Amino acid sequence: MDRIAIVGGAPLNGSIPISGAKNSAIKLMAASLLTDQPLRLTNMPRLADTRFLARLLRRLGTEVTEIDGPEGPETLLHTPEIVSAFASYDLVRQMRASFNVLGPLIARSGHAKVSLPGGCAIGGRPVDLHLKALEALGAHIDLNEGYVYAQAPRGLTGAKIEFPFVSVGATEHTLLAAVLAQGETVILNAAREPEIVDVIECLIRMGAKIEGAGTSTLHIQGVDRLDGATHPVVPDRIEAGTYAVAAAMTGGKVTLTGCRPEHMGALLSKLEEAGVTVRRAEASVEIERQGERLRAVDLVTDPYPGFATDLQAQFMALMTLASGESVIRETVFENRFMHVSELARLGADISVHGGEARVKGVETLRGAPVMATDLRASVGLVIAGLAARGETVVHRVYHLDRGFERLEEKLSNCGADIRRLKGEEDAA
Ligand code: EPZ
């Protein structure tokens, strides 16, 4: 398996183009199951996760074509008919978001058998809210041998669904079923993430009737059928935020192009609080730090518009070199501090008590071999490696490949000494 080797210490200078958002792209791909007409997604990221979902969709009956269009990468998805409504354990286990084909499959074909995803490195991650919402829409659900067997032979019916807490996945999943239900569905306490707004905008382009995008109450009037459409994937605020933190970590001046600074509000404010200069434009943002040491700042992760849990590991890496102590509280996932012990291998001083990490800034980090168990933790280690003295080798690069497109190229174009080592990984 590949590794990434970084020799730290070079400031980042230049510009980094931001790709389409992984966490929108994979939901939009699932939405293509809702129509027998082609859905054309532009600004598509080319990632292990999108390739993976394409493989599943092909088994369900979708023709998936990747095109290098005049404005960048596109994917055309066309499902003339659902040829199978089965998603196996092997497929769902490898990428949890595959579970979200369940709703579209029931909505379009009246039945489905989809594996339960199980837990993962960052927490238990149950799908109870997804299943309750689908039941509220009239699906009959049985759980047997690790599979969800769902039936709605006469179609789904609109319902009022109030989530006890905010869930991105459950909100999207409910939307992807309710758009083809009979009558009105109201979702209360809906998630407001930009990726959800993006999915709603795409569904509206396909002919869905949805009001309230970006608020916590969504009204959906079911329609009989959806059409094809062309839709640009929203820029990846987590990728952009990651490179913003990388530039803050190494110092230098980096412009992130093709992004939406208004989707990065919580992160950009924290960077400013820490002493980073942030210059926002309509579709780009410039991040600058010239030499001065950053101040430690506290943060709490929360659903959007709060500070994204998907940027917590990266920001923690930044705080390892700040002056003072930073208290970082993770409220979204119960086990999202797996990067702490790896950062400690680089010399970071961090203690964890329950959902809270205390990061005491140190003067220097020193390169070491490290590995992480999830995507965002891995990129947090890359960021630390960019500022550490000497060489850091990040193992289990497949995590990074799931969600970061051309990571080494984007960073080395700005002056980072980073390269991929092909081949065998050390025994874990
Ligand atoms: C999405 O996960 C993202 N994944 C995550 O990004 C992201 O960290 C998360 O939202 C929060 O922003 C994708 O979009 C593919 P949730 P999701 O449902 O939908 C609990 C990455 O690195 N919960 O908002 O799974 C759950 O366990 C990934 O790109 C239930 O208890 O997140 C968690 O504690 C990692 N029951 C909390 O809610 C349910 O039925 C929020 O999870 C559903 C969720």
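Model, not experiment: these values are computed from the prediction. (Residues numbered from 1 in each chain as written. Predicted model: local features only at pLDDT ≥ 70, side-chain atom pairs only at ≥ 80, totals over all residues. Heavy atoms only, no water.)

At the junction of Tyr 304 and Pro 305, the peptide bond is cis and its omega measures out at 10 degrees in the coordinates. With respect to the secondary-structure elements, Pro 305 resides in the loop between strand E18 (299-300) and helix H10 (312-319). Phi at Asn 189 is positive, roughly 60 degrees, even though this residue is not glycine. (Helix = DSSP H or I, 4+ residues; strand = E, 2+ residues; numbered from the N terminus.)

The next subject is helix H6 (residues 168-178). Think of an α-helix as turning once every 3.6 residues; residues three or four places apart then point the same way. In terms of residue burial, H6 counts as a mostly covered element, since nine of its eleven residues are buried. Where H6 is concerned, the buried positions are Ala 170, Thr 171, Glu 172, His 173, Thr 174, Leu 175, Leu 176, Ala 177 and Ala 178. (Buried < 20%, exposed > 50% of the residue type's maximum accessible area, 1.4 Å probe, protein only.)

Moving on to the packing of aromatic side chains. Per the counting criterion, the structure on display carries two aromatic pairs. For the pair Phe 307 and Phe 315, a centre-to-centre distance of 5.5 Å together with 75 degrees between the ring planes defines the contact as edge-to-face. There is no split in this pair, since Phe 307 and Phe 315 are both buried. The ring of Tyr 89 is capped by Arg 93, whose NZ or CZ atom sits 5.5 Å from the centre of that ring. (Phe/Tyr/Trp six-rings, centres within 6.5 Å; stacked < 30°, edge-to-face > 60°. Lys NZ or Arg CZ within 6 Å of the ring centre and 35° of its normal.)

All right, on to the domain arrangement of the chain then. You can read the domains of the chain as domain 1 (3-17 + 235-421) and domain 2 (26-232). Averaged C-alpha coordinates put domain 1 and domain 2 at centres separated by 31 Å. Each partner contributes to the interface: domain 1 provides 18 residues, whereas domain 2 provides 19 residues. Of all residues in domain 1, Tyr 304, Arg 402 and Glu 405 bury the most surface against domain 2, accounting for 38% of the area lost on that side. Our enumeration of links across domain 1 and domain 2 arrives at two salt bridges. Where Glu 195 meets Arg 237, a salt bridge forms, and the shortest distance between an N and an O atom there is 2.8 Å. The element contributing the most residues to the side of domain 1 that touches domain 2 is helix H13 (residues 398-403), with three residues. (Domains from an automatic or database assignment. Contact = heavy atoms within 4.5 Å. Buried area = accessible area lost by both parts, 1.4 Å probe. Salt bridge = Lys/Arg side-chain N within 4 Å of Asp/Glu carboxyl O.)

Turning next to the sheet that holds strand E13 (residues 217-221). Spatially, E10-E11-E13-E12 is the arrangement adopted by the four strands of the open sheet, whose pairing is mixed. The outermost strands of the open sheet, each flanked by one partner alone, are strand E10 (160-162) and strand E12 (209-211). Neighbouring strand axes in the sheet, compared pairwise and without regard to direction, differ in orientation by 15 degrees on average. Inspection of the sheet shows E10 paired to strand E11 (residues 184-188) by three bridges, in the parallel sense. (Pairing = 2+ DSSP bridges. Axes fitted to C-alpha atoms, helices over the stretch in contact; angles between N-to-C directions.)

Inspection of the region around the ligand gives 23 residues, with Asp 128, Ser 167, Asp 310, Val 332 and Arg 376 positioned closest. Contacts to the ligand include Ser 167, whose side-chain N or O atom sits 2.6 Å from an oxygen atom. A distance of 2.6 Å separates an oxygen atom of the ligand from a polar atom in the side chain of Asp 310. In isolation the ligand offers 840 Å² of accessible surface; the protein chains occlude 86% of this area. Elements with a minimum of two residues in the shell around the ligand: helix H1 (22-31), helix H5 (128-136), H6 and helix H12 (375-387). Broken down by element, the shell around the ligand gets its largest block of residues, four residues, from H1. Here the residues of the shell around the ligand sort into eleven nonpolar, five polar and seven charged. (Near = heavy atom within 4 Å. Polar contact = N/O pair within 3.5 Å; in protein donor to acceptor, adjacent residues only side chain to side chain. Areas by Shrake-Rupley, 256 points an atom, 1.4 Å probe, with all protein chains shown as cover. Nonpolar A, V, L, I, M, F, W, Y, C, P; charged D, E, K, R; others polar.)

Before going further, it helps to spend a moment on the pairing of E13. Burial along E13 is one-sided: Leu 218 and Ile 220 are buried, while Thr 217, His 219 and Gln 221, pointing the other way, are not. With five bridges connecting them, E11 and E13 associate as antiparallel partners. Bridge pairing in E13 links Thr 185 to Ile 220. Strand direction decides the pairing type here: E12 and E13, joined by three bridges, are antiparallel. Residue pairing in the sheet places Lys 209 in a bridge with Gln 221 of E13. Between E12 and E13, which pair antiparallel one after the other, the connecting turn spans five residues, and Gly 212 there sits at a positive phi close to 105 degrees.

What follows concerns the state of the cysteines. Within this structure, the stated rule accounts for zero disulfides. Summary of cysteine pairing: Cys 259 is not part of a disulfide, and the nearest cysteine sulfur, belonging to Cys 414, is at 13 Å. Note on Cys 414: relative accessible area 3%, which makes it buried. (Disulfide = S-S within 2.5 Å.)

Turning our attention to the pairing of strand E7 (residues 111-115). With two bridges joining them, strand E6 (residues 86-87) and E7 adopt parallel strand pairing. Considered in E7, the bridge of Phe 86 is made with Lys 113. Sheet topology note: the E7/strand E9 (residues 147-151) ladder contains five bridges and is antiparallel. From the neighbouring strand, Ala 112 faces E9, where its bridge partner is Ala 150.

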